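Here is how the chains run, residue by residue.
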Amino acid sequence: MTITICTSQFLSLLQATAGSKGYPNLLIISVPHPIAGIKRGEIEIKADIAFGEILKIIEFQGK
Amino acid sequence: MGKEGCNSLRLISERIEFNDNLEEINEFFYRNGWSDGLPIIVPTEERVERMLSGTRRDPQDSLGTVPPGGGEATIEKIAINAVMAGCLPEYMPLIITAIEAMLDERFNLHWIQATTHPVAPLIIVNGPIRNELQINSGHNVFGQGSRANATIGRAIRLILLNIGGGVPGKLDMATHGQPGKYSFCIGENEESSPWEPLHVERGFSKSSSTITVCGVEGPHNMNDHCSDDGEGILTTFAGTMATQGNNNIISQRGEPLLIIGPEHAGIISKSGFSKSDVKHFLHAKARVQKRQFSKRHQEDQFSQYSDDSSIPLTPREEDIMVIVSGGSGKHSLFLPSFGLTTSVTKDIKD
């Protein structure tokens with residue numbers, strides 16, 4: 001299973017790219033923009049959000 | 001909308017019917033996101049057929065898909081956008097070659113289209129076709145006034161928009177963009193250059209006509225009316241090029257472009273500098289002291305360098321691109337590149 005993480009600002013770009021590359025059903029998690037240039041504590045908060053979403057997807061896929 | 005009025009069997013694009021109201025048609029194109037914001041020439045079937053007379057290629061030949069949207073770049077679709085941009089049919093082979101070059105994987109068009117960086121594909125034209133098509137390589141080379149430069153560059157942008165899907169804020173995520181995203185096409189001023197032109201440097205014969213595509217920022221001027229020798233002028237260039245915020249120095253990749261005005265080039269050459277000498281000099285002198293970068297840059301980008309290092313613009317001197325273009329005057333230009341891109345040169349065929 002492949003899950004791709006992007007920031008909210010780039011969600012539409014990623015969805016279109018995935019579609020044009022033949023992966024219209026790519027699993028995508030969006031975290032609040034930005035992730036570049038932020039402090040470690042801030043990125044950890046966003047990573048926690050993403051991790052929770054990943055677990056939900058795995059749980060859902062397992063059903 | 002409808003298929004009525006479709007006379008050409010070799011054109012397969014959808015026909016849309018309008019009254020002869022130019023304003024209404026332009027409004028329709030604008031509202032559908034099919035223009036750069038400027039009025040377009042309406043791509044009627046007759047005009048598209050006339051545009052196709054400029055190439056021997058079959059209208060349904062495809063050059064591949066244009067990222068990030070993935071539309072198919074058929075000769076017909078290219079011709080439609082060339083009409084919209086105001087091109088003449090004889091520009092078609094050049095435009096087709098430019099699209100082929102941009103679809104070369106080394107160019108990395110996907111990232112160039114989608115990035116937040118203000119990069120645009122610059123088309124540099126070399127060889128006899130410059131004079132045949134009256135492509136400006138002299139005064140005001142990046143400015144207004146030349147139909148070929150303006151409309152070829154505009155056609156490229158419309159193709160990237162309408163076939164490649166590079167809609168601002170959707171698939172084109174440029175933070176600011178730059179004026180070159182309307183049109184960005186120049187000739188090298190080979191007649192005023194003391195050195196071999198770009199295409200000869202890259203292995204083509206002088207009599208070949210070529211285009212080179214490179215993903216670069218807008219031009220930044222380098223004024224030196226004082227220096228009377230090559231070392232002096234190149235020292236001015238080095239100081240202007242050695243900046244902390246450009247992608248080449250930060251990523252230590254790519255090919256920054258130096259466009260030397262003919263007067264500067266003449267002085268530099270008379271001082272004994274070949275083109276490779278120019279690159280060697282600038283690689284040695286266009287550097288930024290590591291300690292001048294922000295603390296985070298020092299830690300994240302340049303940890304492998306000692307604290308008293310000077311960081312070069314690019315790791316390899318041969319990656320600094322040098323051409324001669326423009327008219328009289330003691331000005332030259334520096335265009336940092338996107339970094340994650342390699343320029344591509346191709347000869348222009350029918």
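(A) Here's a closer look at the overall build of chain B. For chain B, the helix and strand inventory stands at 13 helices and 12 strands. Relative to its length of 350 residues, chain B is compact, with a C-alpha radius of gyration of 21 Å against a globular reference of 20 Å. Projecting the C-alpha coordinates of chain B onto the three principal axes gives extents of approximately 70 × 45 × 35 Å. Looking at chain B residue by residue over its 350 residues, the buried ones come to 54%. Long-range pairs, those at least 24 residues apart, make up 78% of the contacts in chain B with a sequence separation of at least 6. Accessible area for chain B stands at about 15,400 Å²; split by element, carbon and sulfur atoms hold 49% of it. Computed over 32 positive and 43 negative side-chain charges, the inter-centroid distance for chain B is 3 Å.

(B) Looking closely at the interface of chain A and chain B. Facing 9 residues of chain A, the contacting portion of chain B comprises 10 residues. Both sides together, the interface formed by chain A and chain B hides about 700 Å², and carbon and sulfur atoms give 65% of it. Contact with chain B buries surface across chain A, with Phe10(A), Leu13(A) and Ser20(A) losing the most and accounting together for 51% of the total. Taken together, the connections running from chain A to chain B amount to 1 residue pair in polar contact (both at pLDDT 80 or more). In terms of residue class, the side of chain A that touches chain B is built from 4 nonpolar, 4 polar and 1 charged.

(C) Layout of the sheet that holds strand β3 (residues 120-126) of chain B. Residue and element names in this part refer to chain B. Across the sheet, 4 strands lie side by side as β4-β3-β5-β12; this open sheet has mixed pairing. Every other strand in the sheet has two partners, leaving β4 (185-187) and β12 (344-347) as the edge strands with one partner each. The mean inter-strand angle of the sheet, taken between neighbouring strand axes irrespective of direction, is 25 degrees. For strand β5 (residues 210-216) and β12, the ladder comprises 4 bridges, and the chain directions are antiparallel. Its bridge partner lying in β12, Ile211 is registered against Lys346. Its contacts with the sheet place helix α4 (residues 92-102) against β3, β5 and β12, and it is angled at close to 45 degrees to β5. Together, β3 and β4 form the strand contacts of helix α7 (residues 147-162), whose direction differs from that of β4 by roughly 140 degrees.

(D) Spotlight on the pattern of salt bridges. Residue and element names in this part refer to chain B. On inspection of all chains with the given rule, the structure shows 22 salt bridges over all chains. The closest approach of N and O atoms between Glu49 and Arg10, which form a salt bridge, is 2.8 Å. With a gap of 39 residues between them, Glu49 in helix α2 (residues 45-52) and Arg10 in the segment before α1 (22-31) connect regions that are remote in the sequence. For Glu49, a relative accessible area of 23% puts it in the partly exposed group. For Arg10, a relative accessible area of 39% corresponds to the partly exposed category. Connected through salt bridges with shared partners, the residues Arg130, Glu190, Glu191 and Lys206 form a single ionic network.

(E) Broad picture of the environment of Gly230(B). Position of Gly230(B) among the secondary structure elements: in helix α9 (residues 230-241). Owing to a relative accessible area of 0%, Gly230(B) belongs among the buried residues under this scheme.

What counts and what doesn't
Residues numbered from 1 in each chain as written. Chains lettered and ligands numbered in written order. Predicted model: local features only at pLDDT ≥ 70, side-chain atom pairs only at ≥ 80, totals over all residues. Heavy atoms only, no water. Helix = DSSP H or I, 4+ residues; strand = E, 2+ residues; numbered from the N terminus. Rg over C-alpha atoms; globule rule 2.2 N^0.38 Å. Buried < 20%, exposed > 50% of the residue type's maximum accessible area, 1.4 Å probe, protein only. Contact = heavy atoms within 4.5 Å. Areas by Shrake-Rupley, 256 points an atom, 1.4 Å probe, with all protein chains shown as cover. Lys, Arg positive; Asp, Glu negative; His and termini not counted. Charge placed at Lys NZ, Arg CZ, Asp CG, Glu CD. Buried area = accessible area lost by both parts, 1.4 Å probe. Polar contact = N/O pair within 3.5 Å; in protein donor to acceptor, adjacent residues only side chain to side chain. Nonpolar A, V, L, I, M, F, W, Y, C, P; charged D, E, K, R; others polar. Pairing = 2+ DSSP bridges. Axes fitted to C-alpha atoms, helices over the stretch in contact; angles between N-to-C directions. Salt bridge = Lys/Arg side-chain N within 4 Å of Asp/Glu carboxyl O.

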